[in-house]
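Here's the letter readout for the chains.
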2 protein chains.
Amino acid sequence: MATASISAHYFPEEPKEPIVNTASNSQSKSKEAIEKLSKKFDARGVYFVADYAKSIGNYIADVDGNMYLDVYAQISSIALGYNNPALIDVAKSDKMIRAIVDRPALGNFPGNDLEEIVGDILKVAPKGQDKVWSGLSGADANELAFKAVFFWYQSQKRGYRADFTAQEIESVMKNQAPGSPELAILSFERAFHGRLFASGSATCSKPIHKLDLPAFKWPKAQFPSYKYPLEDNVEVNKKEDERCLQIVEDYFKTWSVPIAGILVEPIQSEGGDNHASAEFFQGLRDITLKNGALLIMDEVQTGVGATGVMWAHEKFDLQPPPDLVTFSKKFQSAGYFFHDPEIIPNLAYRQFCTWCGDPARMILAGGIGKEVVKHNLPARAAQVGDYLYQKLEALQQKYPKYLRDLRGKDRATFIAWSLENSATRNKFLSDMKNAGINIGGCAEDSVRLRPTLVFEEKHADILVAAIEKVLSTY
Amino acid sequence: MATASISAHYFPEEPKEPIVNTASNSQSKSKEAIEKLSKKFDARGVYFVADYAKSIGNYIADVDGNMYLDVYAQISSIALGYNNPALIDVAKSDKMIRAIVDRPALGNFPGNDLEEIVGDILKVAPKGQDKVWSGLSGADANELAFKAVFFWYQSQKRGYRADFTAQEIESVMKNQAPGSPELAILSFERAFHGRLFASGSATCSKPIHKLDLPAFKWPKAQFPSYKYPLEDNVEVNKKEDERCLQIVEDYFKTWSVPIAGILVEPIQSEGGDNHASAEFFQGLRDITLKNGALLIMDEVQTGVGATGVMWAHEKFDLQPPPDLVTFSKKFQSAGYFFHDPEIIPNLAYRQFCTWCGDPARMILAGGIGKEVVKHNLPARAAQVGDYLYQKLEALQQKYPKYLRDLRGKDRATFIAWSLENSATRNKFLSDMKNAGINIGGCAEDSVRLRPTLVFEEKHADILVAAIEKVLSTY
């Protein structure tokens, strides 16, 4: 075999298949634990209570003795499987222990290991990016990127100088222009960029994320809606790209306030695994250059090998590279990569807060990056993804109603499909769990696969068999 | 001695005094390290590069062999001293290692230890608070609290039901009312609540935090500006309370959009260590009750024993207790405490994100809380603070020009004073560093003391001697 099993390398004890406790009260301990937790913490979104001491590799254990093959992986956040021994070594290191107990204000009093920690993160930076700023979550990363964009946008007008006017300094303390200008970030319908107020203003996938919250009045362009299969719909999809790019162009001319940046996911994930072509993204790059705006690629869900390359947008060959690339989830640490030194604000303390990131999570990111490179995991994910995609295509022939618009070809295991409607999708997710698979949805009617990077052909076989078993009862 | 030395208990090897490397190039290694770091990371705010392996207790080491007595403590964030052995034990625990390597999406797949982790945090919750929601930083905690406030505010109108109208569901996807209503959080001039967009809209201490960023148009009331010493200015300060409360009242009647909540620090910290009376805060509580709004106490900097009680607002005897209390910094974990079950949004997934906090930091918070309670550290801080305050009062007689408006009596070591202006203050901070003390400022002209909770009389003596030594040269 050309490639030895990486899951066997890390996890010689990984189960051979899921374990489903078939007793009628198979989730009674989990239910009890949820009820207890609910007295102190909002636990209404809890699927089950896990036992992480027993979870291993691609398998997540619950407190009722079930062992699920996990193709959701903490909403796409576990890169190397549960209890990965290489990461346990990182967690036990003196460096990590110090980062935990002596958490520094990184912008004021960094430790002498910060340069190495940041260097390890940059070793896996997207092509063309050589600097990083650290944050704490995907939403935080995006908002820090917005700040960088707005600082840059206004600085350009001043020639990158810091000569704020007296009027700016006075008005900003009242949250008024010109010190606090009306500026916008353009994002897309069906986008998900986080759930704080500015990131939430850019998010546009589900009402429940946004209802009752004040928001910035920022424009939402349309993201391409392709016809599938792609190879049979080349022309119509090309027209769709052009239509959507025109909408973006138009917004730059018509929106009531200046648009300082475009924010976009390489693949809209939470919003339904909506894909767009390299040409579409190249078009966005061109529009930002033409209009003096910046391009932020939100790689929070797509980053770190998940699509078969380290960063999904690297397949788009953008020239110049995106101005900012945000990350979180699989990297465990969060922040944005950039390359243009002018993205660094023209004064200290503009991009700043007490912690400026978490060195413990940054150390872990370095450890994850190292393993990903060492074992060439994006390429492995690509190989497994191709294998899985072909099996799903075959299954699609048999169950076309339940495997609609299969998407993610050549995107490793970053695969999704749609069902008829929300009710059928939800039933499918639940039936899959009973079949031993922990699996997640996206949009209202779709299923998304987000396994770890150590998910292999043998796991794909189990997954496909479970899907077939479930669908055979429909 | 009634109380044995807690610093000697934790840190038998703690230095007896600062070590200042007096060579002319005493910070050459630090400068070199900053330059190297700057190629990858914005390091312009770096004071010095620390050596955390050598830091211990109240002393922070730098890479040049200096050992500073640290009364700034990572911008008020180190509770129990550097390399505290009790926290090192927590960091080495299996629970922590799992939390690091198997970070769960806490809202979907919590581990079976979450109930205990949350329970440990709640053991030190403010009086009257029995629930918690977790976040990642002070700014994040405040914004999550805003979300809870807005959900609550709109839910009240619907009778805590979730019957969103079709118009709300449609308009929210365009960031427009009624789905995305115009609602405000009232905060105060000179307040600091973080630097993301909504928290930044509530922050009002320095232009540099806010310039060039879009902001919500939220009202800023005036926070009392007292005359010092307080005991000689009782009447005039009482009038100041009344004047400021009237401004808040008026905003509820006159502001163009509904005010859903008041956000206030028990002591405005970054903004200058501005204090207000219990009566002022009781007045705010009354105004929120009268106007159907919620009260958020921002205890990010004041919390966890720093003012001689676990939570600073507990001295105000607010009835009922504040609706939400945000925390971060010394607690290392972040989030908000609350007590009213209706602060839990009426549907799941409204207050939600991938991680919903960081269990590693939550475990550490529990460990910190345990030590704080076990050694009764708030009371010890109160005792040390009284001792220190008296010494500073004596020094004030001698150097009134450089110790103006001494504040923080009966607030443990949460002490501050003003100098003539920004230039003198900055010179003072720098001179103190050369005298072996790492010390921070607040507002433009003030010095704030933010030592750990294991700062004792012997450390206070060193601090006061250094202040006197520095001021004697002015």
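Every value quoted in this text rests on a predicted model; they were computed, and no experiment measured them. (Residues numbered from 1 in each chain as written. Chains lettered and ligands numbered in written order. Predicted model: local features only at pLDDT ≥ 70, side-chain atom pairs only at ≥ 80, totals over all residues. Heavy atoms only, no water.)

Some points on the pairing of strand β6 (residues 259–264) of chain A
Residues and elements named next belong to chain A.
1) Next: Burial analysis of β6 places 6 of its 6 residues in the buried class, the great majority of the element.
2) Next: In terms of strand pairing, strand β4 (residues 184–188) meets β6 through 3 bridges, oriented parallel. Along β6, the bridge assignment pairs Ala-184 with Ile-259.
3) Next: Where β6 and strand β9 (residues 294–298) come together, 4 bridges link them in parallel fashion. Residue Ile-262 lies in a different strand from β9, and its bridge partner there is Leu-295. (Buried < 20%, exposed > 50% of the residue type's maximum accessible area, 1.4 Å probe, protein only. Helix = DSSP H or I, 4+ residues; strand = E, 2+ residues; numbered from the N terminus. Pairing = 2+ DSSP bridges.)

Observations concerning helix α5 (residues 94–101) of chain B
1) Next: Among the residues of α5(B), B:Met96, B:Ile97, B:Ala99, B:Ile100 and B:Val101 are the ones counted as buried.
2) Next: Against α4 (85–92), α5 (94–101) and α12 (359–374) of chain A together with α4 (85–92) and α12 (359–374) of chain B lie the buried residues of α5(B). (Contact = heavy atoms within 4.5 Å.)

Quick look at the sheet that holds strand β2 (residues 67–70) of chain A
What holds strands together in a sheet is hydrogen bonding between their backbones, with the strands either parallel or antiparallel.
All names here are of chain A.
1) Next: Strand order in the open sheet made by the 3 strands is β1-β2-β14, with mixed pairing throughout. Either end of the sheet is taken by a strand with one partner, and the two such strands are β1 (59–61) and β14 (437–438).
2) Next: The sheet contact formed by β1 and β2 spans 3 bridges and is antiparallel. Residue pairing across strands places Ala-61 opposite Met-67, the latter belonging to β2.

Overview of the environment of A:Leu87
1) Next: Here A:Leu87 shows up in helix α4.
2) Next: When its relative accessible area of 4% is taken as the criterion, A:Leu87 is described as buried.
3) Next: Along the primary structure A:Leu87 and A:Ser30 are separated by 57 residues, whereas in three dimensions their C-alpha atoms are 27 Å apart.
4) Next: Beyond its immediate sequence surroundings of up to four residues, A:Leu87 is in contact with A:Leu80, A:Leu364, A:Gly367, A:Ile368 and B:Val101.

Describing the interface of chain A and chain B
1) Next: Every contact between the two is made by 118 residues of chain A and, on the other side, 118 residues of chain B.
2) Next: Summing the contributions of chain A and of chain B, the shared interface buries around 11,100 Å²; its carbon and sulfur component is 62%.
3) Next: Our count for the chain A to chain B interface comes out at 12 salt bridges.
4) Next: Note that B:Arg158 and A:Asp212 form a salt bridge whose closest N and O atoms lie 2.8 Å from each other.
5) Next: In this structure, the connection of chain A to chain B is made through 62 residue pairs in polar contact (both at pLDDT 80 or more).
6) Next: When the residues that make up the side of chain A that touches chain B are grouped by side-chain class, the tally is 65 nonpolar, 24 polar and 29 charged. (Buried area = accessible area lost by both parts, 1.4 Å probe. Salt bridge = Lys/Arg side-chain N within 4 Å of Asp/Glu carboxyl O. Polar contact = N/O pair within 3.5 Å; in protein donor to acceptor, adjacent residues only side chain to side chain. Nonpolar A, V, L, I, M, F, W, Y, C, P; charged D, E, K, R; others polar.)

Describing the pattern of salt bridges
1) Next: The tally for this structure, following the rule as stated, stands at 50 salt bridges over all chains.
2) Next: Here A:Arg243 makes a salt bridge to A:Glu240, at a shortest N to O gap of 3.0 Å. Placement of the pair is A:Arg243 and A:Glu240 together in helix α10 (residues 234–254), with a separation of 3 residues, close to one helical turn.
3) Next: We classify A:Arg243 as partly exposed; its relative accessible area is 37%.
4) Next: Look at A:Glu240 and you get buried, because its relative accessible area is 13%.
5) Next: Here B:Asp431 ties to B:Lys427 by a salt bridge, and the two come within 2.8 Å at their closest N and O atoms. Note that B:Asp431 and B:Lys427 are positioned in helix α14 (residues 422–434) at a spacing of 4 residues, about one turn of the helix.
6) Next: Residue B:Lys427 is classed as partly exposed on the basis of its relative accessible area, which comes to 44%.
7) Next: Each of the salt bridges in this network shares a partner with another, and the network as a whole consists of A:Arg158, A:Glu168, A:Arg350 and B:Asp212.

Examining the environment of A:Glu371
All names here are of chain A.
1) Next: Looking at the secondary structure, you find Glu-371 in helix α12.
2) Next: Overall, Glu-371 belongs to the buried group, its relative accessible area being 8%.
3) Next: In this structure the C-alpha to C-alpha distance between Glu-371 and Leu-80, which are 291 residues apart in sequence, comes to 8.3 Å.
4) Next: Every residue in contact with Glu-371, bar those within four places of it in the chain, is listed here: Tyr-10, Leu-80, Ala-86 and Leu-377.
5) Next: In this structure the side chain of Glu-371 is engaged in a polar contact, spanning 2.6 Å, whose partner is the side chain of Tyr-10.

Description of the state of the cysteines
Residue and element names in this part refer to chain A.
1) Next: Applying the stated criterion to the full structure yields 0 disulfides over all chains.
2) Next: Considering cysteine sulfurs only, Cys-204 is the nearest to Cys-244, which forms no disulfide, with 13 Å between them.
3) Next: No disulfide involves Cys-442; its sulfur sits 15 Å from the nearest other cysteine sulfur, which is in Cys-204. (Disulfide = S-S within 2.5 Å.)

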